[in-house]
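# Structure assessment
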Amino acid sequence: MAANNYVPGTWRGIVRSRTAIFLGPDTPPQLVQSLWELLESGPEVHELLHAVTSSFGVSLAQIPPFGIVDFQDSLRIFLRGDLDLTVQLPGGPVELHGRDVTTWAERHLTAPEWYRLSVPGGGPAGQSLPLQEGVVLLQALTVGLDGTVRAAAATPVAGLRAAPAIAADPVAVTPVVLPSPEHGASAETVIGVMDEDDEDPPAGEPDAGPVENEASPAEEAVPPAAEEPASNGAVPASEQTSTYDHLWERTVVRSIEDAAVRDDPDGPPVDEAPEKPAAAVPEMPSAAETPPTVAASPPAPAPAGGLIDSVPWSTGGAIPPVRGSVPAPAGGGSDDADHDGQTIMKSDLAGMAAHPAPAAGPAAAGSTGPMVLARVCGQGHANPPTHAQCAACGQPLPSDAVQVPRPRLGRMRVSSGELVDLEQSLVIGRQPSVSRVQGGVMPRLVQVASPSGDISRSHVEVRLEGWHVMLCDLKATNGTVLVREGQQPRRLAQNEMAILLDGDIAELGDGISLRFEEIL
């Protein structure tokens, strides 16, 4: 800074590194010392503002008055309290102050010549003293900035040399003429077309002589920087770029002719182009090499029965060989190379019903349910994982549980005499039906008589989930009563679900009751 001076007073003034800080008379010396050391490192102005405002330990509305004026590339000003600032700009002086603000007044000014920061009402002005850098007690500070920016701007950049002046040479510079926008392209996108047209002239076209704008030897000696712009104000081709050329360079637009397909007069016609070799076709064996095949006999007629007898999944087991079908070749292969041995042919449906699957053995009986975790005894009885002894034979159960098909969970004895095994869910009612299926398994429908209509069409559901047997009321009109030994009979609410225990009885009405036995 040049031509700096101050008027002595009672405020703390810190001047260092092109920055001036005004603090009130009651500012602690520790804050002044910390700000002086911070200014030595040339901090950003926001760092100074934070250091001043955070040092008082109060809210923003209670911060004491202060002033910060920082000049780097421009003048940054922060004023709070009874402080006046005058900044001389090229257009005239600007008066600022920090009164009547909640936090502080902030301004950003460019091209300042000088500024004067003062505290009004500080008594008669004393004698001005020079100041370059330091901490002083002051009332006003004047800092001269005139010539700082201009001197920096006039300093030449190191490493750059001014180009020598070149006398005007009467060389006619042909202006760049843009083609007419016949393709709807803007001036920024036609440069590639112009360059391509100039680079590749037609091969068969005779030389038309020297081009008008071809550079002469005298012109080649002129550096590119000395070329004058076109006299008609046209923008040079090297500068006609769009705003996106810094990403993808220059955009090139080609004419429609570039996409046209033309026959080459020197080459063969299009229709006489050499044909591609045809795909190799596997050679069929001759009649002498063809192995003898077994004559296929007509499919055996379907046995007597309904349509349901020919559905393959009605057997419930493996598909036995069909009598009268075509025997397999000796090599064990099939006429169809894609046949994997699991495909059911249409001709095989006829013999499926005639050969039902063998009945399951004793070990498989009662184990047709879904897979569940179970503890299995030495005799193969599956039990819930919570049991310690086998419910069937009383043997102790191992500690580890394994996945096994769920066995029968008990029996339901209807008062009319019917006994139903609990291997799948049941729907009981006067005319039961199922509107939805859970778990992909269709419940079994059990119809009971109800002469007076006390039992609903679909009255209750016995649902099996894991090892649990549950009774669910299906919004029965007259409800369902659950009777359990040692407890009072309880009427189930609509859609209420209760876990069944061994010996429970469900009363539906019209003298029909359901007794649940052998529940695990």
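Scroll up a little and you will see the structure.
Residues numbered from 1 in each chain as written. Predicted model: local features only at pLDDT ≥ 70, side-chain atom pairs only at ≥ 80, totals over all residues. Heavy atoms only, no water.

Right, let's talk about the overall build of the protein for a bit. Along the backbone of the protein there are 6 helices and 23 strands. The buried share of the protein, reckoned over its 520 residues, is 27%. Long-range contacts, defined as pairs at least 24 residues apart, comprise 57% of the intrachain contacts of the protein with a sequence gap of at least 6. (Helix = DSSP H or I, 4+ residues; strand = E, 2+ residues; numbered from the N terminus. Buried < 20%, exposed > 50% of the residue type's maximum accessible area, 1.4 Å probe, protein only. Contact = heavy atoms within 4.5 Å.)

Looking now at the environment of Leu75. Relative to the helices and strands, Leu75 is located in strand β4 (residues 75-89). Leu75 sits in the buried class, given a relative accessible area of 0%. Taking the C-alpha atoms as reference points, Leu75 and Ala111, separated by 36 residues in sequence, lie 7.9 Å from one another.

Okay, helix α2 (residues 45-53) next. When we look at burial in α2, the residues that qualify are Val45, Leu48, Leu49, Val52 and Thr53. One face of α2 carries all of its buried residues, which in axial projection span an arc of 120°. Facing away from the buried side of α2, by more than 90 degrees, are the exposed residues His46 and His50. (Arc of directions from axis to C-beta.)

Another aspect to go through is the sheet that holds strand β19 (residues 480-483). Ordered by their spatial adjacency, 6 strands build an open sheet running β14-β13-β23-β22-β19-β20, and the pairing between neighbours is antiparallel. In this open sheet, the two strands that pair with only one neighbour each are β14 (419-421) and β20 (490-492). Taken over all neighbouring pairs, the strand axes of this sheet differ in orientation by 25° on average, direction set aside. Note that strand β13 (residues 411-414) and β14 share 3 bridges and pair antiparallel. Following the sheet pairing, Met412 is matched in β14 by Val420. (Pairing = 2+ DSSP bridges. Axes fitted to C-alpha atoms, helices over the stretch in contact; angles between N-to-C directions.)

What follows concerns helix α1 (residues 29-40). With 12 residues, α1 extends 17 Å between its outermost C-alpha atoms, agreeing within 8% with the 16 Å of an ideal straight helix rising 1.5 Å per residue. Within the span of α1, buried status applies to Leu31, Val32, Leu35 and Leu39. The arc that holds the buried residues of α1, viewed along the axis, is 100°, so those residues lie on one side. The exposed set on the far side of α1, more than 90 degrees from its buried face, consists of Pro29, Gln30 and Glu40. Phi turns positive one or two residues past the end of α1, at Gly42, with a value near 65°. (Expected span 1.5 Å × (residues − 1).)

A word on the sheet that holds strand β17 (residues 460-465). Within the open sheet, the 5 strands sit side by side as β16-β15-β17-β18-β21. Their pairing is mixed. In this open sheet, the two strands that pair with only one neighbour each are β16 (444-447) and β21 (497-499). Strand-to-strand twist of the sheet, defined as the mean angle between neighbouring strand axes without regard to direction, takes the value 20°. Pairing of β17 with strand β18 (residues 468-473), which is carried by 6 bridges, proceeds in the antiparallel orientation. In the sheet register, Val462 faces β18, and the bridge partner there is Leu471.

Now for unusual backbone geometry. Phi at Asp100 is positive, roughly 60°, even though this residue is not glycine. Inspection of the secondary structure assignment puts Asp100 in the loop between β5 (92-98) and β6 (105-109). Its identity as a non-glycine residue notwithstanding, Glu518 has a phi of 55°, on the positive side. By secondary structure assignment, the location of Glu518 is in the segment after β23 (512-517).

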